[in-house]
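Structural overview
The lines below spell out each chain.
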Amino acid sequence: MPIRAAMDKHYMGVFSFLSAIGGPILGSFSARICKPILDSFSVGICKPILDYALPLRCPGCGTITAERDRFCLDCWGQLDFLGDPCCARCGLPFELEPDGPGSQCGPCASAPPPWQSARAALAYGEIARKVAIRLKYGRRTGMARLMAHYMVPHIRSIAESGDSPLLVPVPLHRWRLWNRGFNQSALIARHLGAATGLPADPFLLRRSRSTRPLRAMSPRAREREVRGAFAIDPSRRAALRGRTVILIDDVHTSGATARACTERLLDGGAAAVHLLCWARVLPGGTIDKHHGAPDFGMGNS
Ligand SMILES: [Zn+2]
Ligand SMILES: [Zn+2]
């Protein structure tokens, strides 16, 4: 494992561990006391050495690049950014120019999803997949900063509505958090908060039970599997009431988990929920098509 990734993993493992076993007190202690010390050590002493010894690389293919968090030209050309024109509700691209702002696709008009809007930085393709895998399974936690960088424009357009949204990551069950050492969605939310100044709360939503992998399940079975799997932390209920929430996840596949989370947040008093992900599997798109890679189903997290 590269030294830079090992350091990131070490830090996040420590914070996640303290937060998981000690809740807000130890989590707060680790964030307020330990992190600045470790960060200053990393930035002040290690970073110049690491930058010299380990050149910056393209997050897609590993080619040496001039700037941090930048793709090489070849990978850049393969990225499929999502944006207008798209359905105002679900964010799926319109093939033809819509009638006007706020236009919705047929399925959203007839059966609106629970979220106010769903957006993703990229269509799920080879490069988006590699970045997500490097974060989630390769433990390259620096990828979360890169993902947040490309998700920020969508946050700005939501925040322009005049609200001050709360960033809430899709939670992991505590055993998965213990096993992995970090929640990739919480890392992305933290970087989004740092970039936009919006508050992020990784403890507002939690998994009240673990769920099985969703990969082989039908859409209906996925919804059954994640139904009731999420809960609002009782100490956060008052803070949630009347707030607009931006639910953060890495990859949007069937949306079953996002739907369960959104319904729980609305039940808990949220005024509206927007869903924001790094990449989205478009209808007709596939996941795991080359390597049989681990499932990205959101219920799998
Ligand atoms: Zn590249
Ligand atoms: Zn739609």
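Everything below is about the structure shown above.
Since the model is a prediction, treat every value here as computed from it, not as a measurement. (Residues numbered from 1 in each chain as written. Chains lettered and ligands numbered in written order. Predicted model: local features only at pLDDT ≥ 70, side-chain atom pairs only at ≥ 80, totals over all residues.)

1. With respect to the sheet that holds strand 5 (residues 244-252)
Sheet architecture is open: 4 strands sit in the order 1-6-5-2, paired in parallel fashion. Every interior strand has two partners, whereas the edge strands, strand 1 (117-123) and strand 2 (166-169), have only one. The sheet shows a mean angle of 25 degrees between the axes of neighbouring strands, taken without regard to direction. In this sheet, strand 5 lies alongside strand 2 in parallel orientation, the contact comprising 4 bridges. The partner of Leu 166 across the bridge, within strand 5, is Val 245. Its contacts with the sheet place helix 5 (residues 143-159) against strand 1, strand 5 and strand 6 (272-280), and it is angled at close to 150 degrees to strand 6. Helix-sheet contacts for helix 10 (residues 256-267) involve strand 5 and strand 6, and the interaxial angle to strand 5 is about 170 degrees. (Pairing = 2+ DSSP bridges. Helix = DSSP H or I, 4+ residues; strand = E, 2+ residues; numbered from the N terminus. Axes fitted to C-alpha atoms, helices over the stretch in contact; angles between N-to-C directions. Contact = placed C-beta atoms within 7 Å.)

2. Thoughts on the pairing of strand 6
Across the 9 residues of strand 6, 9 count as buried, placing the element largely inside the fold. Pairing geometry for strand 1 and strand 6, over 6 bridges, is parallel. Bridge pairing in strand 6 places Ala 123 opposite Arg 280. With 8 bridges joining them, strand 5 and strand 6 adopt parallel strand pairing. By the bridge assignment, Ile 248 is partnered in strand 6 with Leu 276. Crossover strand 5 to strand 6 through helix 10 is right-handed. (Buried ≥ 20, exposed ≤ 12 C-beta atoms within 10 Å, placed from the backbone. Right-handed = clockwise from strand over helix to strand, strands pointing away.)

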